[in-house]
Amino acid sequence: MFEVRFHGRGGQGTVTAAELLSAAAFIEGMHAQAFPSFGSERTGAPVMSFCRIDDAPIRSREPVIRPDVLVIQDPTLLHQVNVFEGAEADCRLLINSGRPAADLNIGEFTGGLRPGSVLTVPATELAMQHLGRPVPSAALLGGFAALTGLVRLESVVAAIEARFASRPDVAAGNAGAARAAFDYVTDELAGLGITPPVPSAHHDGGRVIRASQDGARVVQIEGSAGVAEAVARCRPEVICAYPISPQTHIVEALSRQVKSGQLTPCEFVNVESEFAAMSVAIGASAAGARSYTATASQGLLYMTEPLYNASGLGLPIVMTVANRAIGAPINIWNDHSDAMSQRDCGWIQLYAETNQEAMDLHIQAYRVAEEVSLPVMVCMDGFILTHAHERLELPGASQVDAFLPPFEPRQILDPSDPVSIGAMVGPEAFTEVRFLAHARQLQALELIPQVAAEFAAHFGRDSGGLVRGYRTEDAETIVVALGSVLGTIKDTIDELRDGGMKIGVLGITSFRPFPLDAVRAALSGCQRVVVLEKALAVGIGGIVSENVRMALSGVDLHGYTVIAGLGGRAITRDSLRRLFQVAAKDELEPLTFLDLDTVLVGRELARVAANRQSGPAAENMLRDLGVVASRIG
Amino acid sequence: MAVQPIKFYQTGSFAVGNRLLDPDQRSVQSDADRANSISSGHRACQGCGEALGARYALDAAMRATNGQLIAVNATGCLEVFSTPFPETSWRIPWIHSLFGNAPAVATGVAAAMRAKGRPDVRVVGQGGDGGTVDIGFACLSGMFERNDDVLYICYDNEAYMNTGVQRSGATPPAARTNTTPAVGPEPGNVFGQGKNAPLIAMAHEIPYVATATVAGLRDLEYKVRRAMEFRGARYLHVLVPCPLGWGSASCDTIKIARLAEQTGLFPVFEAEHGEVVSSTPIRKRVPVQEYLKLQARYAHLFGTPYGAEVITRLQARADRNIARFGLLETEAAS
């Protein structure tokens, strides 16, 4: 695994740089993952992005903490942000500067690095020469190719050309800057007496190029773009959306498809709120149209009332939830508070571990939704998945058509056969109506694994299902989790297994309906269960834990709840390793907040104890921290 | 044997039925083949203005669309009295979702019809004043602004009657409701609040906005038919007296609606693309007291100096409407 961290400022193409590098690696046949340090950055603010490259699929989704290469797009950051965090002895630095590294006054940070591992390249100047704009990212990637030999210059250029396919002048300018920087760094290395690394002739990460007439292909794209492609192939007839981060890229991509006529017949309705988004979906679905929308966070809460209505009316709407925290304090980053708050609204809830699974789950969701007449939320971690670029297999249109038959609703609003939908039901039948809603969810419990199996047979990929175990067979400790953190947990488990610990993880894909039997079967042989969850039931602790404990009723084992990743706090392998080691010794508290800054909390508690009017806790603590977004991991 | 003289002078008037006219001039409601969109047997109160207005409006819409109509209903009296499970009065495709989302659900239905290539199927959204001017207003404005192909009909009985008569944004000044009780130094609803939904609808410059009352049922039928001649967002605001909430006699529903028009308190007009194109003249102008005194919700205005002052202010509101919409001038001109 090769890990790169980019530091730049908003407007310098820092996020694009990581994406282009991942695309270049993809062209080389490798697996790559690129994602930004998610934030509310504006032009000029410090920005980070990350790229991991490997011959095998990449599972971990923590930020790059110990980079192999640091790319600094703006030298003014060197003394402002701790860009050197985690830079160990074999880390190499590529800095955008017209001055030699020795003149940058960074010796105190780079003293521990090997000689010759800090290089500068005048990327902004090269960009001005070739592109006419001070965007140094492409030049730095050319330099990166020369420095590491990890990707060939031609692949970097090809990635640039693909990215800017609609703007040939921009593509040519960036490609020129990349070539010039490549030559510059090659000369620099020669000057230092370092033989420039030669790229291996061909990586082969098992890449399969499958392109067909109907759009089936393997691509390196953002998770949101992948989900939009998957949704489009499901042939939705009405899409309605209200913008909320981090869901926006999905509906933007779909609106382009509809407006350009690629996706037809389909109506795209720009509504005035999430409440209206779900309401439009209700009307469209009741009128017999396959309907789609997407939301997150506050938006999901704002549509709470129509959510219950959609499930109560049995309308098979599919919605992406790009999971994000709920305020106050307002927080745009990922956790599961939003979807978990709606766990009892009658929708099926499926949680995606990867972007490929997020795509696949949408296709399966329509099948499940329309067969049991229930709406489905496909939950994918906001930013961590929605904004991550990685290799995705896009299914072909005819492939999806063969798997997903056209929507044939049980009852629709039709002038030729008038029905009344949504009548009032009194106490004489309301319990029975609710019982039947539950029965339909139980029916889905049977159906979800069937559809997943059929999907695997049809598309050649395992996605979905109820639960998925990893190294749980002889495990004494089993971690339970949902969503994208499963990848990072799996890598941690491999490490701990290498050290002899008997540990595994159970991923829950279907949280509603909750697979009590499958969870019980997977967990009842172990000695302890650690439920790691990205939401908090304030006043009691875990939400997933409650459900897991219900599955384990009567089973004698140790149960621990770990609240992790709230509001975008990175869940790192380092933290997980320590956590599982403590858990394995049964020294964990029943309820733990992973990486809680106890000093920070302690100070605020002391303030509250000393003065009842200590002010808003969040602001107090941020004042203590001093720097906003100061953490990498 | 008692003889009922035929009043020939009703021909061509606003009276209902007109069975003496040629078939093509008769009202929709007088047609034996009318849709009966809302069939009898529902559970509305005696003298319910909303039930009457909805029946006329939807039958007219059914005729105008050749039976290709889907109705979306907000929560409220109309929904509750028409569909106690497992019964329904609706003989047209009908959906009730929530209190505040009928315009958006209607948008969804209209979008589905477009996607399915069914431009012949038209959509009516409907609700009471609470569902329209208060809780559903964001969705209504969104539907207007996007110019979605929906006719939205508000049956305005000037308060939340379904929940037991509480004030809404359409409750007029001085009216007593259970949340603007007739107590204290200024009993009833306060002056200077409330919103005029038809004028706000016009500000969206949608193709068609009109008001009507259940006293002018031929006029209501006409306005529904006219509305259906347009594509895009259309708004019809119908005054429907509520005997329960207004404290009026069940037999006075039509009379009170007519007095609302004749006093000028409820101007009846139509507007196209944001401009008023016609208003219904006041045939016999009456002072507001004639309207107010039939309703217990205004009983506190009579017999006190304060009440007299309030009546003067209400009369001023009526006078302003008359001037603003040319309710007397139009008569002079016609």
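Residues numbered from 1 in each chain as written. Chains lettered and ligands numbered in written order. Predicted model: local features only at pLDDT ≥ 70, side-chain atom pairs only at ≥ 80, totals over all residues. Heavy atoms only, no water.

All names here are of chain A. Within the open sheet, the six strands sit side by side as 16-18-17-20-21-22. Their pairing is mixed. Taken across any chain shown, the strands that pair with only one partner, and hence form the sheet edges, are strand 16 (467-470) and strand 22 (591-593). With strand direction ignored, the average angle separating the axes of adjacent strands in the sheet is 20°. Sheet strands touched by helix 17 (residues 516-523): strand 16, strand 17 (477-481), strand 18 (503-508) and strand 20 (528-533). Its angle to strand 18, the strand with the most contacts, is close to 175°. (Pairing = 2+ DSSP bridges. Helix = DSSP H or I, 4+ residues; strand = E, 2+ residues; numbered from the N terminus. Axes fitted to C-alpha atoms, helices over the stretch in contact; angles between N-to-C directions. Contact = heavy atoms within 4.5 Å.)

Attention now goes to the side chain of N96(A). Residues and elements named next belong to chain A. Within the fold, N96 resides in strand 5 (residues 92-96). A polar contact is formed between the side chain of N96 and the backbone oxygen of Q73, at a distance of 2.9 Å. Among all residues touching N96, those that are not within four sequence positions of it are I72, Q73, P75, V121, P122, A123, T124, P136 and L140. (Polar contact = N/O pair within 3.5 Å; in protein donor to acceptor, adjacent residues only side chain to side chain.)

Attention now goes to the side chain of H7(A). All names here are of chain A. When you line up the elements, H7 lands in strand 1 (residues 2-9). The buried category is assigned to H7, whose relative accessible area is 2%. Reaching out from H7, the side chain makes a polar contact with the side chain of R5 at a distance of 2.9 Å. (Buried < 20%, exposed > 50% of the residue type's maximum accessible area, 1.4 Å probe, protein only.)

This next bit is on the domain arrangement of chain A. Residues and elements named next belong to chain A. Considered domain by domain, chain A is made up of domain 1 (2-191), domain 2 (217-396 + 404-459), domain 3 (467-593) and domain 4 (597-633). Summarising the inter-unit geometry, the C-alpha centres of domain 2 and domain 3 are found 27 Å apart. With 26 residues of domain 2 at the interface, the matching set in domain 3 holds 24 residues. Counting the surface lost from both domain 2 and domain 3, the interface buries some 1900 Å², and carbon and sulfur atoms represent 56% of this. Of all residues in domain 2, M340, R343 and E353 give up the largest surface area on contact with domain 3, accounting jointly for 31% of the area buried on that side. In this structure, K534 and D381 form a salt bridge, with 3.6 Å as the shortest nitrogen-oxygen distance. One can count 13 residue pairs in polar contact (both at pLDDT 80 or more) joining domain 2 with domain 3. Of all the elements in the fold, those that place two or more residues in the side of domain 2 that touches domain 3 are helix 12 (337-341), strand 12 (348-351), helix 13 (355-372) and helix 15 (430-459). Considering only residue class, the side of domain 2 that touches domain 3 consists of 14 nonpolar, six polar and six charged. (Domains from an automatic or database assignment. Buried area = accessible area lost by both parts, 1.4 Å probe. Salt bridge = Lys/Arg side-chain N within 4 Å of Asp/Glu carboxyl O. Nonpolar A, V, L, I, M, F, W, Y, C, P; charged D, E, K, R; others polar.)

All names here are of chain A. The full count for this structure, using the stated rule, is 44 salt bridges over all chains. Its salt-bridge partner being D574, residue R66 comes within 3.1 Å of it at the nearest N-O pair. Of the two residues, R66 is situated in the loop between strand 3 (46-54) and strand 4 (69-72) and D574 in helix 19 (residues 573-584); the sequence distance between them amounts to 508 residues. With a closest N to O distance of 2.8 Å, K490 and E353 form a salt bridge. With K490 in helix 16 (residues 485-498) and E353 in the loop between strand 12 and helix 13, this pair connects stretches of sequence that are 137 residues apart. Summarising the burial analysis for this pair, K490 and E353 share the class buried. Connected through salt bridges with shared partners, the residues R66, E88, E495, D574 and R577 form a single ionic network.

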